[in-house]
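As a plain string of letters, each chain reads:
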Amino acid sequence: MDLVKRSNWYVIWVQSGKEYEIKEKLEAILPEHLYERIIIPYKMMPKRLAGQWFTTKVKLFAGYIFIVTENPDRITPYLRDILDFADFLKQEDEIMPIYRQEEDFLLSLMGEKEEVEMSRGIITGDQIRVISGPLLGQEAKIKKIDRHKRKALIVTELLGRTVEVTVGLEVIDKVV
C-alpha cells in the first residue's frame with residue numbers, strides 16, 4: 001500500500017475583515033515551494049431583502065486563514081514582513097496543525113470550491129434529515145436550526161477546541 005504524505009493544514013490568525021488582503025500578500029511574497037495552497041473557507045448563506053431570498057458569500061471563520069504546508073516554521077518570517085497582524089494559531093507556543101479529522105470534515109463541507117453550499121432537509125417530529133448538500137450525513141453535528149432564516153448551527157472541532165459555526169440549511173418540509 002502506498003502511503004502518500006499529506007501536508008498539514010495550519011491556521012493563521014488575522015484581523016477580521018483583512019483575510020483576503022493578507023491572503024493576497026502571502027501569495028505575493030511566499031515562495032511557491034513553501035506551501036500548497038492558502039484557503040479562506042466561505043459559506044453560502046441565505047438572506048432576505050425586500051421580500052426576496054438570495055444567497056450571499058460569507059467567511060466561514062472570520063479572522064482565520066488556512067495554509068497547507070509541510071513546514072510552517074519557514075513561513076513564520078514572511079508573516080512578520082506583513083504590516084497587518086498575522087500569526088499562526090499555537091498551542092503552548094508551538095505551531096500545531098489542525099487534526100486530520102478536522103481537515104477531513106472541512107473538506108467534506110466545502111469541497112474543492114472552498115465554500116460550503118446550502119444544504120436542504122426535512123424535519124420529521126423533532127429530527128432533521130438532510131437530503132442534499134454538505135450536511136448530508138452530518139445531522140449529529142447540527143445543534144440548532146432556524147427555519148425562518150434558513151440557518152443551522154453546527155458544532156465541530158478546530159485544533160481540538162469546540163467551535164460553533166452557522167451554515168445554510170433550507171428546511172423544505174416539516175412532517176409532524
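This text goes with the structure placed above it.
The structure presented is a predicted model; accordingly, all values stated were derived computationally and were not measured.

### What about the overall build of the protein?
Next up, step 1: Within the protein, the regular secondary structure consists of three helices and 14 strands.
Next up, step 2: Principal-axis analysis of the C-alpha atoms places the extent of the protein at approximately 55 × 50 × 30 Å.
Next up, step 3: When the 176 residues of the protein are sorted by exposure, 41% land in the buried category.
Next up, step 4: Long-range pairs, those at least 24 residues apart, make up 63% of the contacts in the protein with a sequence separation of at least 6.
Next up, step 5: A total of about 10500 Å² of accessible surface is found on the protein, and carbon and sulfur atoms cover 48% of it.
Next up, step 6: In the protein, the 27 positive side-chain charges and the 29 negative ones have mean positions that sit 8 Å from each other.

### Comments concerning a negative patch on the surface
Next up, step 1: A cluster of acidic residues, Asp73, Glu92, Asp93 and Glu94, forms a negative patch on the protein surface.
Next up, step 2: Its place among the elements puts glutamate 92 in the loop between strand S7 (90–91) and strand S8 (94–95).
Next up, step 3: What makes glutamate 92 exposed here is its relative accessible area of 81%.

### Brief notes about the environment of leucine 79
Next up, step 1: You can see leucine 79 is positioned in helix H2 (residues 76–81).
Next up, step 2: Along the sequence, leucine 79 and valine 116 sit 37 residues apart, while their C-alpha atoms lie 27 Å from each other.
Next up, step 3: Sequence-distant contacts of leucine 79, defined by excluding residues within four places in its chain, comprise Ile12, Leu26, Ala86, Asp87 and Phe88.

### A look at the sheet that holds strand S10 (residues 119–124)
Next up, step 1: Strand order across the open sheet formed by five strands is S11-S10-S14-S13-S12, with mixed pairing between neighbours. Both outer strands of the open sheet, strand S11 (127–132) and strand S12 (142–146), are each paired with one neighbouring strand and no more. Strand-to-strand twist across the sheet, computed as the mean angle between neighbouring axes with direction ignored, equals 40°.
Next up, step 2: Pairing analysis gives four bridges linking S12 to strand S13 (residues 151–158), with the strands arranged antiparallel. When the sheet's bridge partners are listed, aspartate 146 is paired in S13 with lysine 151.

Reading guide: rules and limits
Residues numbered from 1 in each chain as written. Predicted model: local features only at pLDDT ≥ 70, side-chain atom pairs only at ≥ 80, totals over all residues. Heavy atoms only, no water. Helix = DSSP H or I, 4+ residues; strand = E, 2+ residues; numbered from the N terminus. Buried < 20%, exposed > 50% of the residue type's maximum accessible area, 1.4 Å probe, protein only. Contact = heavy atoms within 4.5 Å. Areas by Shrake-Rupley, 256 points an atom, 1.4 Å probe, with all protein chains shown as cover. Lys, Arg positive; Asp, Glu negative; His and termini not counted. Charge placed at Lys NZ, Arg CZ, Asp CG, Glu CD. Patch = residues over 30% accessible without salt bridge, like charges linked within 9 Å, V, L, I, M, F, W, Y side chains within 5 Å. Salt bridge = Lys/Arg side-chain N within 4 Å of Asp/Glu carboxyl O. Pairing = 2+ DSSP bridges. Axes fitted to C-alpha atoms, helices over the stretch in contact; angles between N-to-C directions.

Everything listed is a geometric property; what it means functionally is a separate question.
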